[in-house]
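One letter stands for each residue in the lines below.
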Amino acid sequence: MMRTLACLMMLWWLGIQVAMAQLAIEITGSSGRQIAVALPYLVNEEALPQSLTEIVRADLERSALFRVVDVGWMRVPEDLIPDYAALTQRGAEAVLAGSVYATAPGVWEARLRLFDTVRRSELTNRVVQFNAGQLRAAAHRIADLIYEALTGVPGYFATRLAYVVKSGNRYELKIGDYDGSHAATALVSPEPIISPAWSPDGHQLAYVSFENKKPVVYIHEVATGRRRVAANFRGSNSAPAWSPDGRKLAVTLTQDGISQIYVLDLTLNRAFRVSRSGSIDTEPVFSPDGQWLYFTSDRGGSPQIYRMPATGGDAQRITFEGSYNVSPDVSPDGRALTYITRIDGRFRVVYHDLTTGYRQILTDSERDESPAFAPTGHMIVYATEVGGRGVLAAVSTDGRVRLRLSASGADVREPAWGRLPR
């Protein structure tokens, strides 16, 4: 099964109108049983500038875990028990009931209840408040509500994706919904932009820009578009990664000659060296508790993943299988890593359970790079190549679900998956 949604919107950013490339998300693989869900249009939904239900439907269908049951013009208000017999006859295992109410000019709330039509019981209920500018985010949160209630796993729809689009000699840093839609341009440059990284609260984005003919780390404030230099030391400044409290950045600097890892205190505006080896140490990432840094180093003769205290100290090697393991990211619960391994000359995404040591190759590509966990932890986004062109892809940590996000006529790379602002 494959469904494609093409999203195109003309946007203004900092007073400059930029035409974005056409983005499309498609399901490229799925396995396992799909849950049949009925999504009647919400009562009074026609009063909204855009349909909540259509966005929720698209989210659930793109997850490949759900099949949306056609219920025609049926409406199910939240204050009535649904017609279980009619819904099960149509094959629905669950139904979303609800209504939309205006609470102030331009402000609404959706009152929702999700029912199990087989057991004839209520699964969950929620009131979601929003204005016109928050409508899409509200719909994604409703889809997350359904996803978690029916799978037991938090949904990933109310998240954002940062990525770089390259078209000719033009680089654009984009910020959009998890599916690439509703995107805005944060930076346009004739020089490369790499390594975007979301702050924990979702308000800021760190990245590396070569606009000054050398790699410099910047921090971009998403709401205002303002940015500032975070690291512009002698030599190369690269690979930013936020601490869980948002007060520090781990970065890779060459100011002492060779690539080493530093922790930049954003309050003091000072960088403290934490790795001290005669080899290349790079690509740091904090553990969720802030106690550890995972990173890539060739100190053992080939690139491997290591771990050391976030304040510096002895490093422990984590990966032993294969001669090339790079670009680590840690799951939100701290129990797993994802990284790139090389097998027979092909670069592929790995899921590595840190407790058991279990390692699963999730992709069958030629040139994968930059894997990153979704904020909920059960999906991994990465960059790859299809037909010689860069695209983004996502795979579930069990390998069951595979998605692809591409831009017509452009390369898409450097993904970073973050939360909506808190």
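Owing to the predicted nature of the structure, the values given are computational and were not obtained by experimental measurement.

**Student:** So what about unusual backbone geometry? Which residues, and what values?
**Tutor:** The phi dihedral of Ala239 is positive, around 55°, even though this residue is not glycine. Summarising the element assignment, Ala239 is placed in strand 17 (residues 237-242). Taking the relative accessible area as the measure of exposure, Ala239 reaches 14% and is therefore buried.

**Student:** An account of the packing of aromatic side chains is requested, with residue identities and associated values reported.
**Tutor:** Geometrically, a pair of aromatic rings is defined through the distance of the ring centres and the angle of the planes. Within this structure, the stated rule accounts for 13 aromatic pairs. When the ring centre of Tyr101 is taken as origin, the NZ or CZ atom of Arg111, which lies over that ring, is 3.9 Å away. One cation-aromatic arrangement involves Arg299 over Tyr306; the distance from NZ or CZ to the ring centre is 5.4 Å.

**Student:** Give me the nonpolar core: which residues, what numbers.
**Tutor:** Core analysis: the largest hydrophobic core is formed by 52 residues, its most contacted members being Leu52 and Phe130. The element that contributes the greatest number of residues to this core is helix 3 (residues 135-151), accounting for 7 residues. What Phe130 contacts, discounting residues up to four positions off in sequence, is Leu48, Leu52, Gly106, Val107, Trp108, Glu109, Ala110, Leu135 and Ala138. Counting 15 residues, the second-largest nonpolar core is a separate cluster that includes Ala162, Tyr171, Leu187 and Leu205.

**Student:** Please give an account of helix 3 that cites residues and values.
**Tutor:** For helix 3, which comprises 17 residues, the first-to-last C-alpha distance of 24 Å matches the rise-based estimate of 24 Å (1.5 Å per residue) to within 8%. Among the 17 residues in helix 3, 12 count as buried, and that is most of the element. Taken together, the buried positions of helix 3 are Leu135, Arg136, Ala137, Ala138, Ala139, His140, Ile142, Ala143, Asp144, Leu145, Ile146 and Tyr147. Of the residues flanking the end of helix 3, it is Gly152, one or two places downstream, whose phi is positive at about 80°.

**Student:** If you had to explain the environment of Ile194 to someone new, which residues and values would you point to?
**Tutor:** If you trace the backbone, Ile194 turns up in strand 13 (residues 193-198). A C-alpha to C-alpha distance of 9.1 Å links Ile194 and Pro215, two positions 21 residues apart in sequence. Ignoring any residue separated from it by four or fewer positions in sequence, one finds Ile194 in contact with Tyr207, Val208, Phe210 and Glu414.

**Student:** So what's going on with empty space enclosed by the protein? Residues and values would help.
**Tutor:** Where empty space is left in the structure can be found by rolling a water-sized probe over the atoms. Under the defined criterion, the tally for this structure stands at 2 cavities of 30 Å³ or more. The volume enclosed by the largest cavity comes to roughly 110 Å³. At the level of elements, strand 31 (389-396) and strand 32 (402-407) are the ones that each hand at least two residues to the lining of the largest cavity. Taken as a whole, the second largest cavity encloses approximately 30 Å³ of empty space. Considering the residues around the second largest cavity, the lining is formed by Leu42, Leu52, Thr53, Val56, Leu96 and Ile142. Of all the elements, helix 1 (residues 52-62) adds the most residues to the lining of the second largest cavity, at 3 residues. Class assignment of the residues belonging to the lining of the second largest cavity gives a composition of 5 nonpolar, 1 polar and no charged.

**Student:** Talk me through the sheet that holds strand 18 (residues 248-253); I want residue IDs and the actual numbers.
**Tutor:** Two modes of strand pairing occur in sheets, parallel and antiparallel, and in both the strands are linked by backbone hydrogen bonds. Read across the open sheet, the 4 strands follow the order 17-18-19-20; overall the sheet is antiparallel. Each end of this open sheet is capped by a strand with a single partner; those strands are strand 17 and strand 20 (270-273). Taking each pair of neighbouring strands and ignoring which way they run, the sheet shows an average axis angle of 30°. In this sheet, strand 19 (residues 260-265) lies alongside strand 18 in antiparallel orientation, the contact comprising 6 bridges.

Calculation rules
Residues numbered from 1 in each chain as written. Predicted model: local features only at pLDDT ≥ 70, side-chain atom pairs only at ≥ 80, totals over all residues. Heavy atoms only, no water. Helix = DSSP H or I, 4+ residues; strand = E, 2+ residues; numbered from the N terminus. Buried < 20%, exposed > 50% of the residue type's maximum accessible area, 1.4 Å probe, protein only. Phe/Tyr/Trp six-rings, centres within 6.5 Å; stacked < 30°, edge-to-face > 60°. Lys NZ or Arg CZ within 6 Å of the ring centre and 35° of its normal. Core = buried A, V, L, I, M, F, W, Y, C linked by side-chain atoms within 4.5 Å. Contact = heavy atoms within 4.5 Å. Expected span 1.5 Å × (residues − 1). 1 Å grid on protein atoms, 1.4 Å probe; cavity = no way out; pocket = protein on both sides within 12 Å on 5 of 7 lines; lining within 4 Å. Points joined across faces, edges and corners; volume = space filled by probe spheres on them. Nonpolar A, V, L, I, M, F, W, Y, C, P; charged D, E, K, R; others polar. Pairing = 2+ DSSP bridges. Axes fitted to C-alpha atoms, helices over the stretch in contact; angles between N-to-C directions.

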